[in-house]
Amino acid sequence: MRMQAYCTHAPGLPPYNASGEILITPKPATSQVLVKITHASLSPGALIMTALFPGFLHKYPSIQELDFAGVVVCLGENAKRPFKNTVEGILELDGFKCGEYVFGSVPVGQHLKGVGSLAQYVAIDTCQIAHVPGSKTPGIEKLSEQEMAEAASLPVSGCTALTLLHAAQLLPGMSVL
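A few points on the structure. Keep in mind the model is a prediction, meaning the values are calculated, not measured.

All right, on to helix α4 (residues 154-167) then. Three or four residues apart is the spacing at which side chains of an α-helix point the same way, because the helix has 3.6 residues per turn. Taking 1.5 Å per residue as the helical rise, α4 with its 14 residues ought to reach 20 Å, and the 18 Å between its terminal C-alpha atoms agrees with that figure. Where α4 terminates, the next one or two residues include Q169, which has phi positive at roughly 50°.

Together, L162, L165, L170, L171, M174 and V176 make up an exposed nonpolar region whose accessible area comes to about 550 Å². Along the chain, M174 turns up in the segment after α4.

Moving on: the sheet that holds strand β4 (residues 62-63). The strand order β2-β1-β4 describes an open sheet built from three strands, whose pairing is antiparallel. The open sheet has two free edges, formed respectively by β2 (18-24) and β4, since each of these has just one partner strand. Inspection of the sheet shows strand β1 (residues 2-8) paired to β2 by seven bridges, in the antiparallel sense. Bridged to T8 within β2 is A18.

This paragraph deals with the nonpolar core. Of all hydrophobic cores here, the largest spans 15 residues; its most connected members are V33, V35, F68, V122, I124 and I129. When residues in this core are grouped by element, the largest group, three residues, is from strand β3 (residues 32-40).

Next up on the list: helix α3 (residues 145-152). By the burial criterion, the buried members of α3 are M148, A151 and A152. Looking straight down α3, one finds its buried side chains confined to an arc of 100°; they lie on one side. Against the buried residues of α3 lie β3, β5 (67-75), β8 (101-105) and α4.

The rules behind the values
- Residues numbered from 1 in each chain as written.
- Predicted model: local features only at pLDDT ≥ 70, side-chain atom pairs only at ≥ 80, totals over all residues.
- Heavy atoms only, no water.
- Helix = DSSP H or I, 4+ residues; strand = E, 2+ residues; numbered from the N terminus.
- Expected span 1.5 Å × (residues − 1).
- Patch = residues over 30% accessible without salt bridge, like charges linked within 9 Å, V, L, I, M, F, W, Y side chains within 5 Å.
- Areas by Shrake-Rupley, 256 points an atom, 1.4 Å probe, with all protein chains shown as cover.
- Salt bridge = Lys/Arg side-chain N within 4 Å of Asp/Glu carboxyl O.
- Pairing = 2+ DSSP bridges.
- Core = buried A, V, L, I, M, F, W, Y, C linked by side-chain atoms within 4.5 Å.
- Buried < 20%, exposed > 50% of the residue type's maximum accessible area, 1.4 Å probe, protein only.
- Arc of directions from axis to C-beta.
- Contact = heavy atoms within 4.5 Å.

Encoded structure:
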């Protein structure tokens with residue numbers, strides 16, 4: 001099976017060294033899921049990485065960007081993720097299922113090996129994804145385009161915003177522009 005992806009072919013910044021490509025769809029490893037990407041987030045972080053890391057560290061063609069939202073379409077044999085059971089205080093495993101809405105971010109190490117989110121599919125470790133907020137609500141069968149777009153913007157940009165809000169040490173009644 002093949003997929004479309006937006007790739008760079010040499011060090012430097014797109015668009016001068018990038019183009020659309022047809023690549024082989026990745027197969028999930030044992031602890032991974034295959035996600036059909038419906039939305040990807042564009043941020044300067046991946047471009048900065050592309051520009052700063054020497055070319056010999058990258059695998060080319062290299063699919064651009066990191067953050068995404070989509071639907072699980074295939075599971076690796078042990079595609080589970082740990083979570084803390086707050087009732088009993090123990091670590092349990094919670095698996096993903098085909099058809100579930102997820103969002104996540106491609107880790108730097110995987111990105112340097114050519115994996116990115118500007119593609120139709122990504123094979124990614126379950127510790128790098130989470131269910132889209134609201135998608136596990138009973139009666140919800142399909143999320144809106146806006147909900148999926150918002151979920152795709154959460155991983156890096158959302159964590160950056162949250163970190164800055166914590167660093168600002170806001171007090172009740174204060175405002176943020």
